[in-house]
Amino acid sequence: MSQPLIGISTYQEDARWGVWSLPAALVPAGYPKLVQRSGGLAALLPPDDPAAAAAAVARLDGLVIAGGADVAPARYGAEPHPRTGPPALDRDAWELALIEAALAGGVPLLGICRGLQLLNVALGGTLVQHLDGHAGAPGVFEQHTVKPVPGTLLGRTLPEPVSVPTYHHQAVDRLGGGLLVSAYAEDGTIEAVELPDGPGFALAVQWHPEAGDDTRVMDALVAAARGESSTGA
């Protein structure tokens, strides 16, 4: 397989272009560009009925769950924190269904920021609803160092501490079932998780590789989508 088809979740927002102001299915261009730089074909997945998720995922070679809005606290049995953003209920339902379909079918999965949090919630975990120090000014990525855990999939993909683009105020609290922590920030925040005993490649990172120059995390997903391993895993 020369160019695996990698689906990327999108979300509906009101948008303006030219003379138009209409609802649109959006995702930052960095996501498809990162897939393309890593040798994949990018396919954007607009929000849909969760019942369609299994059919959509079955047509893909890999799946990316993109960053974005806070996960609704009700999804993990919590009351909203004052700093938690408005829920995106339809997006939560669609992307959780995509994650469940990918895990059930062994389709390689990469979660990014919100995607990590959703993977954790999908497997029964909970979230810290607010923390400081992991975002810049509104709309500006911060940089901080993450330390991969040696011997993990992420540790083989990124064998050294790396400075990453970050923009989040929530994080993993209780770890979901079967997940393994594979990177930490210097303050102890969980920065990556993976599912070592799952049916296929399943990795999620709390930072935003699509906003930087390091393609290695996406390279690993694309390699897995080809049925290969770029990490020796």
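Everything in this summary refers to the structure shown in the same document.

Here is what the cut-offs are and how they apply
Residues numbered from 1 in each chain as written. Predicted model: local features only at pLDDT ≥ 70, side-chain atom pairs only at ≥ 80, totals over all residues. Heavy atoms only, no water. Phe/Tyr/Trp six-rings, centres within 6.5 Å; stacked < 30°, edge-to-face > 60°. Helix = DSSP H or I, 4+ residues; strand = E, 2+ residues; numbered from the N terminus. Buried < 20%, exposed > 50% of the residue type's maximum accessible area, 1.4 Å probe, protein only. Pairing = 2+ DSSP bridges. Patch = residues over 30% accessible without salt bridge, like charges linked within 9 Å, V, L, I, M, F, W, Y side chains within 5 Å. Areas by Shrake-Rupley, 256 points an atom, 1.4 Å probe, with all protein chains shown as cover. Salt bridge = Lys/Arg side-chain N within 4 Å of Asp/Glu carboxyl O. Core = buried A, V, L, I, M, F, W, Y, C linked by side-chain atoms within 4.5 Å. Contact = heavy atoms within 4.5 Å.

**A short note on the packing of aromatic side chains**
So, step 1. Enumeration over the complete set of coordinates arrives at 1 aromatic pair.
So, step 2. Aromatic side chains Phe141 and Tyr167 sit 6.2 Å apart centroid to centroid with 75 degrees between the ring planes, which places their arrangement in the edge-to-face category. Taken as a pair, Phe141 in the loop between β7 (127-128) and β8 (142-148) and Tyr167 in the loop between β9 (162-166) and β10 (171-172) lie far apart in primary sequence, 26 residues in all.
So, step 3. For Phe141, a relative accessible area of 39% translates into the label partly exposed.
So, step 4. With relative accessibility at 31%, the residue Tyr167 sits in the partly exposed group.

**A word on the pairing of β8**
Consecutive residues of a regular strand have side chains that alternate between opposite faces of the sheet.
So, step 1. Of the pairings in the sheet, the one linking β8 to β9 comprises 5 bridges and is antiparallel in character. Bridge pairing in β9 places Val146 opposite Val162.
So, step 2. Pairing of β8 with strand β11 (residues 180-185) involves 3 bridges; the strand directions are antiparallel. Across the sheet, residue Lys147 finds its bridge partner in β11, namely Tyr184.

**Re unusual backbone geometry**
So, step 1. Even without being a glycine, Cys113 presents a positive backbone phi close to 55 degrees.
So, step 2. One can find Cys113 in the loop between β6 (109-112) and α4 (114-122).

**Here's the deal with a nonpolar patch on the surface**
So, step 1. Taken together, the side chains of Trp17, Val19, Trp20 and Leu22 define a hydrophobic patch exposed on the protein surface, amounting to about 460 Å² of accessible area.
So, step 2. For Trp17, the location among the structural elements is in strand β2 (residues 11-17).
So, step 3. By relative accessible area, which is 41% here, Trp17 ends up partly exposed.

**Some thoughts on the pattern of salt bridges**
So, step 1. This model, assessed by the stated rule, comprises 5 salt bridges.
So, step 2. Across the pair Arg114 and Glu95 runs a salt bridge whose closest N-O atoms are separated by 2.8 Å. Here Glu95 lies in helix α3 (residues 89-105) and Arg114 lies in helix α4, a separation of 19 residues in the sequence. Neither Arg114 nor Glu95 differs from the other in exposure class; each is buried.
So, step 3. A salt bridge links Arg216 to Asp214; the shortest N-O distance between them is 2.7 Å.
So, step 4. The network of salt bridges with shared partners includes Arg91, Asp92, Glu95 and Arg114.

**Here's the deal with the nonpolar core**
So, step 1. Ranked by internal contacts, the top residues of the largest apolar core, which has 31 residues, are Leu63, Leu98, Leu109 and Leu119.
So, step 2. At the level of secondary structure, the elements contributing two or more residues to this core comprise α2 (53-58), β5 (62-65), α3, α4, β12 (190-194) and β13 (202-205).
So, step 3. It is α3 that provides the largest number of residues to this core, a total of 8 residues.
So, step 4. For Leu98, the residues in contact, after removing those within four places along its chain, are Ser9, Leu45, Ala53, Val57, Leu63 and Ile65.
So, step 5. By size, the runner-up hydrophobic cluster in this structure holds 30 residues, among which are Val164, Val205, Ala220 and Leu221.

From the geometry alone we can't say anything about function, so treat these as descriptive.
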